[in-house]
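Chain and residue survey
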Amino acid sequence: MAFDLDMIKKVYDRYSTRTAAARKATGKHLTLTEKILYAHLTEGDAHTAFGRGVDYVDFAPDRVAMQDATAQMALLQFMQAGRPQVAVPSTVHCDHLIQAKIGATEDLSTAKDVNKEVYDFLASVSDKYGLGFWKPGAGIIHQVVLENYAFPGGMMIGTDSHTPNAGGLGMIAIGVGGADACDVMAGLPWELKFPKLIGVKLTGKLSGWTSAKDVILKVAGILTVKGGTGAIVEYFGEGAQSLSATGKGTICNMGAEIGATTSIFGYDEKAAIYLKGTKRAEIAAMADAIKEHLTGDPEVYANPEQYFDQVIEINLTELEPHVNGPFTPDLAWPISKFATAVRENNWPAELEVGLIGSCTNSSYEDITRSASIAKQAIDKHLKTKAEFTITPGSELVRYTVERDGYLGTFESMGGVVLANACGPCIGQWARHTDDPSRKNSIITSFNRNFAKRNDGNPNTHAFVASPEIVTAFAIAGDLTFNPLTDTLTNENGEQVKLDEPMGIEMPIKGYAVEDAGYQAPAEDGSTVEVKVDPKSSRLQLLDPFKAWEGTDLTGLKLLIKAKGKCTTDHISMAGPWLKFRGHLDNISNNMLIGAINYFNGTADSVKNELTGEYGPVPATQRDYKAHGIGTVVVGDENYGEGSSREHAAMEPRHLGVRVILVKSFARIHETNLKKQGMLGITFADSNDYDKIQEDDTFDILGLTSFAPGKQLTVMLHHKDGSLESFPVNHTYNAQQIEWFKAGGALNIIRKQMVS
């Protein structure tokens, strides 16, 4: 669990020389983002990226963090790489496989029993290869990382899309697929397209009901789920410096919902306070010594339009609490307009469940602000109308807030404390409902609210807000209630009004914990045996994907033409499927079952050209594979947005899909496809999407001269015998083309290790 001070010192030693070189090369002042990126460029790429405007460059991250659902596949891949130990500090966190059903104690006990095989695998593989292992119940990966490993000016990759949470402590932390993590753990550089820069200037200061969560809810409304794609968002200004480190973490965490590569705040006094409060005073002292490198240059923040590709300004003093949703995290409503929106859109006004916590909002400050509202419900004789759950972010936070009496307050107002895990946020929730077909509303302090995300029910209207707003709504049980202005009728028939929330940024008595849940790896893992039962339904050793055959791809059939939003939840659902994250063949039975077929408006129903019948997507694809026929998946805009789960790329690859052809890709998913040797291409003219017919046969031409920046051609053979062709684009660079030719990046890594 100990942080590596020697590693941090080496990082900090690079700053002065790299920053000076970058200023000299560019002739300009630098943003914080540029300073960190330049400090982590590999030596070979240092001279190429200082001017920006470059394409893909190689970085050397300081850390890798993996959650249990994605770690299984990442480590199964790493086992193929041939290394005796990970090359950089790495950790595994068991937070995704615990289903919220009854309460913390019972649910954790059940999870340890049901998932024993997986936990034992992760513990043993961590022990063997030198990874730190955080046991089930220890907490959610992002909160644990913030409390233990994040440091100002560092760079980390994590196999979860909300890895940017560590940006609250001034770290460039980026969500990736397991193949990327495998590369870094194997000691290879990590490749990233050099990002655009979005600056968010925060002025004023939060007060009353408004919280840090409302900053990102507002930004999501401005930028939408695609507006941050290909960009790093850097927050600055006196308003930024007034926010707590955990509040900044909340903002960075949910930056994943605008498609941002990551988000970051500069190092300041609030960061120092948090580092010292979490027993990392040595890091704070080291950061203080180079603090001018851990924030953007003053000239940048004085004239941000000259240094950022886009600038947004938000006055925190004027910012209202927001509620975002339903069905998308960027549909932003100021609280003053939300009730009207509920009525005008005929959304269910009755609130059935309020849920607080998760990796986004489970800090000590969050819990205390929410508890101050819960305490009022008790004191003012208000009966809580909706179900209410609390998910602590880590055992450190849970133990501390229990010690200080806050969990007891929640329980007294009718709340149920769940395990320190992701739970309902990712669909790991046994929802209590008497009629799943009824349109209903829930509100959470989580980050995502796509249809079926939380409870698998397409009729659930999920809204996102701050923990204190969620708590107030749970008490009222009515989404047309405005806690800032409205009153409630208590059990005595009196009209009472909720006072503004009051919170404590850091525990007055300090943090405390009896067992944080950490297991250190063996000093010598050479004798540790990692066992995977060949008969297991949950774990399966991987076989390498086949290399490209060296020809154009011809005679491909259309598997599905997906209509509208197609997130990684549509491509590879979570919920009950999480138990198969370590078994590629079994989890492939969920491939694209959530995508809507353009030709019949139905999910999991596509035409099998071999039989002429309609059937489930995975079964249809397995039939094509059995007959040696490759297929094409066609998609809409921002295909693959959402979670970093690489299963959404590996499943099509495993089942024989050859090409993903879409209007545009989400960043992580596009990279995941490339890593697995899949061909991911985009329409040069998005209107060509309309040319795809249900019975088409595809040829992909130009692969024998596949080169960066050179278009390929799609030839459509329509059922009536006519032909139609159009150009398509790709973003493959020379190295990524080699991945495609080799059948995947891992095949190249393995050869390098052997040689």
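The structure under discussion appears in the preceding block.
All values reported here derive from a predicted model rather than from experimental measurement.

Reading the values: rules and limits
Residues numbered from 1 in each chain as written. Predicted model: local features only at pLDDT ≥ 70, side-chain atom pairs only at ≥ 80, totals over all residues. Heavy atoms only, no water. Buried < 20%, exposed > 50% of the residue type's maximum accessible area, 1.4 Å probe, protein only. Helix = DSSP H or I, 4+ residues; strand = E, 2+ residues; numbered from the N terminus. Arc of directions from axis to C-beta. Contact = heavy atoms within 4.5 Å. Polar contact = N/O pair within 3.5 Å; in protein donor to acceptor, adjacent residues only side chain to side chain. Pairing = 2+ DSSP bridges. Axes fitted to C-alpha atoms, helices over the stretch in contact; angles between N-to-C directions. Parallel < 35°, antiparallel > 145°, perpendicular 65-115°, else oblique. Nonpolar A, V, L, I, M, F, W, Y, C, P; charged D, E, K, R; others polar. Phe/Tyr/Trp six-rings, centres within 6.5 Å; stacked < 30°, edge-to-face > 60°. Lys NZ or Arg CZ within 6 Å of the ring centre and 35° of its normal. Salt bridge = Lys/Arg side-chain N within 4 Å of Asp/Glu carboxyl O. Core = buried A, V, L, I, M, F, W, Y, C linked by side-chain atoms within 4.5 Å. 1 Å grid on protein atoms, 1.4 Å probe; cavity = no way out; pocket = protein on both sides within 12 Å on 5 of 7 lines; lining within 4 Å. Points joined across faces, edges and corners; volume = space filled by probe spheres on them.

Some words on helix H13 (residues 281-289)
Every buried residue of H13 is listed here: Ile283, Ala284 and Ala287. Taken down its axis, H13 places every buried residue within 100 degrees of arc, on the same side. On its buried face, H13 sits against helix H1 (5-26) and helix H12 (269-277).

Some words on helix H25 (residues 734-742)
For H25, the complete set of buried residues consists of Gln736, Ile737, Trp739, Phe740 and Ala742. Here H25 starts with a cap whose side-chain oxygen sits 3.2 Å from the backbone nitrogen of Gln735, and that cap is Asn733. Backbone geometry just downstream of H25 places Gly743 in the positive-phi region, at approximately 90 degrees.

Re the sheet that holds strand E10 (residues 262-265)
If you walk across this open sheet you meet the four strands as E10-E9-E8-E11, and the pairing is parallel. If you trace the sheet from one side to the other, it starts and ends with E10 and strand E11 (310-315), each paired once. Direction aside, the axes of adjacent strands within the sheet are offset by 20 degrees on average. Pairing of strand E8 (residues 196-203) with strand E9 (residues 231-236), which is carried by six bridges, proceeds in the parallel orientation. Paired with Gly199 across the strands is Glu234, a residue of E9. The sheet strands contacting helix H9 (residues 212-223) are E8, E9 and E11, and the helix crosses E11 at an angle near 140 degrees.

Focus: the packing of H1 against H13
At their nearest, the axes of H1 and H13 sit 11 Å apart, and the two run at 10 degrees to each other. On the basis of the axis angle, H1 is roughly parallel to H13. Together, Leu5, Ile8, Lys9 and Tyr12 of H1 and Glu282, Ile283, Met286 and Ala287 of H13 make up the contact between the two elements. Per-class residue counts for the contact of H1 with H13 are six nonpolar, no polar and two charged.

What to know about the sheet that holds strand E3 (residues 90-93)
As summarised here, the arrangement of the six strands in space is E6-E5-E2-E3-E4-E21, forming an open sheet in which the pairing is mixed. This sheet does not close on itself; its edge strands, each paired only once, are strand E6 (172-175) and strand E21 (518-519). This element, helix H6 (residues 116-129), spans E3, strand E4 (132-134) and E21 of the sheet and lies at about 155 degrees to E4.

Description of the packing of aromatic side chains
Overall, the coordinates contain 26 aromatic pairs when judged by the stated rule. Between Phe388 and Phe410, the ring centres sit 5.9 Å apart and the planes meet at 55 degrees, which makes this aromatic pair tilted. Taken together, the residues Phe388 in strand E15 (residues 387-391) and Phe410 in helix H18 (residues 406-412) connect sequence positions 22 residues apart. Phe410 shares its class with Phe388; the two are buried. Through a chain of ring-to-ring contacts, the aromatic side chains of Trp333, Phe338, Trp347, Phe463 and Phe473 assemble into a single cluster. If you follow Arg63 out to its NZ or CZ, it ends over the ring of Tyr149, 4.0 Å from the centre. In this structure, Lys128 is placed above the aromatic ring of Tyr129, and the distance from its NZ or CZ to the ring centre is 6.0 Å.

Structural notes on the pattern of salt bridges
Taken as a whole, this structure holds 29 salt bridges when the rule is applied. Among the ionic pairs, Lys375 bridges to Asp379, the shortest N-O distance being 2.8 Å. On the criterion of helical spacing, the pair formed by Lys375 and Asp379 is a turn pair, its members being four residues apart in helix H16 (residues 364-379). Here Asp404 and Arg403 are joined by a salt bridge, their closest N and O atoms 2.7 Å apart. Assessed through its relative accessible area of 22%, Asp404 is described here as partly exposed. For Arg403, a relative accessible area of 31% corresponds to the partly exposed category. Overlapping salt bridges bring together Glu352, Arg431, Asp434, Arg438 and Asp455 as one network.

What about the side chain of Gln621?
Relative to the helices and strands, Gln621 is located in helix H22 (residues 617-626). Taking relative accessible area as the criterion, Gln621 reaches 0% and is therefore assigned buried. Of note is the side chain of Gln621, whose polar atom sits 2.8 Å from the backbone oxygen of Leu655. What Gln621 contacts, discounting residues up to four positions off in sequence, is Leu559, Met591, Thr631, Leu655, Gly656 and Val657.

Let's talk about the environment of Ser126
On the secondary structure map, Ser126 appears in helix H6. Residue Ser126 is classed as buried on the basis of its relative accessible area of 1%. Residues Ser126 and Ser109, spaced 17 residues apart in sequence, show a C-alpha to C-alpha distance of 22 Å. Filtering out sequence-adjacent residues up to four positions away, Ser126 remains in contact with Val92, Leu131, Phe133 and Pro521. There is a polar contact of 2.7 Å between the side chain of Ser126 and the backbone oxygen of Leu122.

Some thoughts on the nonpolar core
Membership of the largest hydrophobic core comes to 151 residues, with the highest contact counts inside it found for Tyr12, Met66, Leu75 and Phe473. Discounting residues that sit within four places of it in the chain, Met66 has contacts with Ala71, Ala74, Leu75, Thr91, Val92, His93, Leu131, Ile141, Thr159, Ala181 and Met185. By size, the runner-up hydrophobic cluster in this structure holds 26 residues, among which are Ile198, Leu202, Val233 and Ile251.

Section: the environment of Arg750
Summarising the element assignment, Arg750 is placed in helix H26 (residues 745-754). For Arg750 and Arg83, which are 667 residues apart along the polypeptide, the C-alpha to C-alpha distance reads 9.4 Å.

Section: empty space enclosed by the protein
For the coordinates displayed, the defined rule picks out eleven cavities of 30 Å³ or more. Counted as a void, the largest cavity has a volume near 230 Å³. Ala256, Gly259, Glu641, Gly642 and Ala666 are, among the 21 residues lining the largest cavity, the residues nearest its centre. Sort the elements by how many residues they give to the lining of the largest cavity and helix H24 (residues 667-675) lands first, with three residues. Residues of the lining of the largest cavity, tallied by class, amount to seven nonpolar, ten polar and four charged. Within this model, the second largest cavity holds a volume of roughly 180 Å³. Around the second largest cavity, the lining is made up of 21 residues, and of these His96, Asp160, His162, Ile426 and Arg453 lie nearest the centre. Its residues assigned to classes, the lining of the second largest cavity comprises seven nonpolar, nine polar and five charged.

Notes on the environment of Asp330
Note that Asp330 resides in the loop between strand E12 (322-324) and strand E13 (332-334). Given a relative accessible area of 16%, Asp330 falls into the buried group. A sequence separation of 73 residues divides Asp330 from Glu257, and the C-alpha atoms of the two residues are 7.6 Å apart. For Asp330, the residues in contact, after removing those within four places along its chain, are Ala220, Gly221, Thr224, Val225 and Asn324.

Function cannot be read off these values alone, since they describe shape.
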